[in-house]
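An overview of the molecular structure
Here's the letter readout for the chains.
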Amino acid sequence: MAPLTPRLVVPIDVKKQPWEQKVPLHNRWHPDIPPVADVTEGELFRVEMVDWSGGRVRDDNSADDMKSMDFTIAHYLSGPLRIVDSGGVPASPGDLLAVEICNLGPLPGDEWGYTAILERENGGGFLTDHFPSARKAIWYFEGIYAYSPQIPGLTHPGVVGTAPSIELLNIWNEREKRLAETNQETLQLCEVLHQRPLAHLPNHENCLLGKIQEGTAEWHKIANEAARTIAGRENGGNCDIKNLSRGSKVYLPVFVEGGNLSTGDMHFSQGDGEISLCGAIEMSGFLELKCEIIRGGMKEYLTPVGPTPLHVNPIFEIGSVEPRFSEWLVFEGISVDESGKQHFLDASVSYKRAVLNAIEYLSRFGYSKEQVYLLLSCCPCEGRISGIVDSPNAVTTLAIPTAIFDQDVKPKRFGGRPLPGPQLRRLPDLLSCSNDGHLPVTQGESSTRAP
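Residues numbered from 1 in each chain as written. Predicted model: local features only at pLDDT ≥ 70, side-chain atom pairs only at ≥ 80, totals over all residues. Heavy atoms only, no water.

You'll find the protein chain entered in an unreviewed UniProt entry as Formamidase, with Urochloa decumbens given as the organism.

**Describing the overall build of the protein chain**
The test is simple: Secondary structure elements follow DSSP: runs of H or I of four or more residues count as helices, runs of E of two or more count as strands, with numbering from the N terminus. Here, two residues are considered to be in contact whenever any of their heavy atoms come within 4.5 Å of each other. Areas reported as accessible are Shrake-Rupley estimates using a 1.4 Å probe. Residue values count occlusion only from the protein chains shown.
Helix and strand content of the protein chain: 7 helices and 20 strands. Once local pairs closer than 6 in sequence are excluded, the contacts in the protein chain between residues at least 24 apart make up 80%. Per element, the accessible surface of the protein chain, about 19200 Å² overall, is 51% carbon and sulfur.

**Things to note about the pairing of strand β13 (residues 249–253)**
One face of the sheet, then the other: side chains in a regular strand alternate in exactly this way. We apply this condition: Throughout, exposure labels follow a simple rule: accessible area from a 1.4 Å probe, protein chains only, divided by the maximum for the residue type, with under 20% read as buried, over 50% as exposed, and the rest as partly exposed. Should DSSP find at least two bridges between two strands, the strands are regarded as paired.
For β13, a buried count of 4 out of 5 residues is recorded, marking the element as mostly surrounded by other parts of the structure. In terms of strand pairing, strand β5 (residues 96–105) meets β13 through 5 bridges, oriented antiparallel. Its bridge partner lying in β13, E100 is registered against K249. Pairing between β13 and strand β17 (residues 315–317): 3 bridges, direction antiparallel. Across the sheet, V250 pairs through a bridge with F316, a residue of β17.

**A few points about the sheet that holds strand β1 (residues 7–10)**
In any sheet, the strands associate via hydrogen bonds between backbone groups, in a parallel or an antiparallel arrangement. Worth spelling out the cut-off: Inter-axis angles, ranging from 0 to 180 degrees, are taken between N-to-C directions of lines fitted to C-alpha atoms, where helices are fitted over the stretch in contact.
If you trace the 6 strands from one edge of the open sheet to the other, you get β1-β3-β16-β5-β13-β17, paired in mixed fashion. Of all the strands in the sheet, just β1 and β17 have a single pairing partner and so form its edges. Averaged over all pairs of adjacent strands, the angle between their axes in this sheet comes to 30 degrees, without regard to strand direction. Where β1 lies against strand β3 (residues 45–49), 3 bridges are found, and the strand directions are parallel.

**Re the side chain of D346**
Test applied: By the counting rule applied here, Lys and Arg register as positive and Asp and Glu as negative, while His and the ends of each chain are not counted. By salt bridge we mean one thing: a side-chain nitrogen of Lys or Arg within 4 Å of a carboxyl oxygen of Asp or Glu. Whenever a nitrogen or oxygen atom comes within 3.5 Å of another N or O atom, the pair is scored as a polar contact, on the condition that within protein one atom can donate a hydrogen and the other can accept it, and that pairs from neighbouring residues in sequence are kept only if both atoms are in side chains.
Its location among the elements puts D346 in the loop between β18 (328–333) and α6 (347–362). Lacking a salt bridge, the buried D346 has K341 as its closest oppositely charged neighbour, with an N-O distance of 9.1 Å. Among the polar contacts made by the side chain of D346, one reaches the main-chain amide nitrogen of S348 at a distance of 3.1 Å.

**A few points about the side chain of N27**
Position of N27 among the secondary structure elements: in the loop between β1 and β2 (37–40). Polar contacts involving the side chain of N27 include one to the main-chain carbonyl oxygen of I73, which spans 3.2 Å. Within the local environment of N27, its side chain forms a polar contact with the backbone nitrogen of L208, the two atoms lying 2.8 Å apart. Leaving out residues up to four positions away in the same chain, N27 has contacts with T72, I73, A74, H75, Y76, N206, C207, L208 and T229.

**Thoughts on the pattern of salt bridges**
Enumeration according to the criterion identifies 25 salt bridges in this entry. As a salt-bridge pair, K352 and D129 come within 2.8 Å of each other at their nearest N and O atoms. Within this pair, whereas K352 is found in helix α6, its partner D129 is found in the loop between β6 (112–117) and β7 (135–142), the two being separated by 223 residues in sequence. Salt-bridge contacts for E338 lead to K352; the nearest nitrogen and oxygen are separated by 2.9 Å. Of this pair, E338 sits in the loop between β18 and α6 while K352 sits in helix α6; the two residues are 14 residues apart in sequence, bridging distant segments of the chain. Judged by its relative accessible area of 2%, K352 is buried. When salt bridges that share partners are traced, they join R58, D60, D65 and K136 into one network.

**Side note on helix α7 (residues 369–378)**
The element α7 is extensively covered by neighbouring structure, given that 10 of its 10 residues are classed as buried. Those residues of α7 that fall on the buried side of the exposure criterion are K369, E370, Q371, V372, Y373, L374, L375, L376, S377 and C378. Contacts made by the buried residues of α7 are with β6, β7, β9 (151–152), β15 (277–282), α6 and β20 (395–401).

**With respect to the packing of aromatic side chains**
Worth spelling out the cut-off: Only centres within 6.5 Å qualify two rings of Phe, Tyr or Trp (six-membered ring in Trp) as a pair; their planes then separate them into stacked at under 30 degrees, edge-to-face at over 60, and tilted for everything else.
In this structure the tally under the stated criterion is 8 aromatic pairs. Taking the centre distance of 6.0 Å and the plane angle of 45 degrees together, the rings of F126 and Y351 count as tilted. Highlighted residues: F126 in the loop between β6 and β7 and Y351 in helix α6, separated in sequence by 225 residues. There is no split in this pair, since F126 and Y351 are both buried.

**Things to note about the environment of L104**
Checked against the element boundaries, L104 lands in strand β5. Note on L104: relative accessible area 1%, which makes it buried. Separated by 141 residues in sequence, L104 and S245 place their C-alpha atoms 7.6 Å apart. Not counting the four nearest positions on each side in its chain, L104 is found in contact with T155, H156, P157, L244, S245, R246, M266, F286 and L287.

**Some points on unusual backbone geometry**
The omega torsion of the bond from G79 to P80 falls at -5 degrees, within 30 degrees of zero and hence cis. Looking at the secondary structure, you find P80 in strand β4 (residues 77–84). Residue P392 is bonded to the preceding S391 through a cis peptide linkage, with omega at 5 degrees. For P392, the location among the structural elements is in the loop between β19 (382–387) and β20. One non-glycine residue, D240, adopts positive backbone phi at about 50 degrees. Backbone geometry places D265, a non-glycine residue, at a positive phi of 60 degrees. By the secondary structure assignment, D265 is in strand β14 (residues 261–267).

**What about the confidence of the model for the protein chain?**
The condition that has to hold: Confidence of the prediction at every residue is given by pLDDT, a number between 0 and 100.
Confidence along the protein chain averages 88 in pLDDT terms, with 89% of residues attaining 70 or more. Contacts from residues 419–451, a stretch scored under 50 in pLDDT, to residues over four places away or in other chains number 88 contacts.

Shown next, in the form of structure tokens:
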């Protein structure tokens, strides 16, 4: 029997704006955003997606678009999709929705992507105190490889999730509002990470709600309640798990009738942590999926960790398709920041130090620090918490596959410093942005124009 041809349920025309698409897109989470199509469990279907920015990032040698990026737009998602069983009965609250990724990739004719450092005033990234200015690198795809250098892709969706119930939405909005109102100076983590804002609260600006007409009373009500898509939450959402590629399954809790599945933010490749924030190789793309409804699966398989039965999280089953590397260079971090201050079992501070150790080391081999920062964001490197119990230091590691380099980057004994060499494809000349503001900036190579 010939293989099934997937049914196209959300087509994308990359020449059109997100709000001009034939099937409406959305960029918020809310239970009242209506589904755009029904999908029967067991059928193979195809969902196409714009990149997270909706085409606002251009294939050019300027980072102006990243400097001025308006984060009220993220992410443009395809869906929601109402999932029903063979008898037409929709998934119900309390069910578990198993979503299998059968195939995925870039949209034909749009085989390029980008990795970027966001401007500090736009939220920056994991190392925004070291890299405060916007930068951008363009990548082109050939099969499973992206070149800028040759990096094997581990393509995956950054966002896949179900719609929240109104009760869960209220929980999100209340707890994130409390966090946003916190005095940032009292938060130890902000002393050393400098990432802001603390939370992205509901905002009607650039709000796209699928079939709901902008400007109507219904639109205004939902826009002022709907959760932003930037954070991952109980519904899945923007989890950025790089291993969710072909053969993977996501087990998502169902909070509303039909589940209302949405997906977007396609990545050609990404490192653990997506450290520069816009740090994957971002692209438009497609997913070919199958769904199964596990009746009563939330109660059966997901134990709440919190005050209500809604405080659950998805389960992910990783497929077997991924790049295979045999040699890695591993960098360690501990809970001590750049000033020498000791923190207590702080894994974020520890991972930051591991990343900085890797950047400082690899910059000895002829690469700018901005290049290494972007590379660690988008290559399939592995981040790990190695120790979380031996006070005062959490120990983390960042493992980088040495096969992505065209030179030997391992330590060795010979006279003189390692020879520089342009084995990484030279990144485009990137916009240098002003460093005005109140956050500290580490001076040196990382705050200059990329060579």
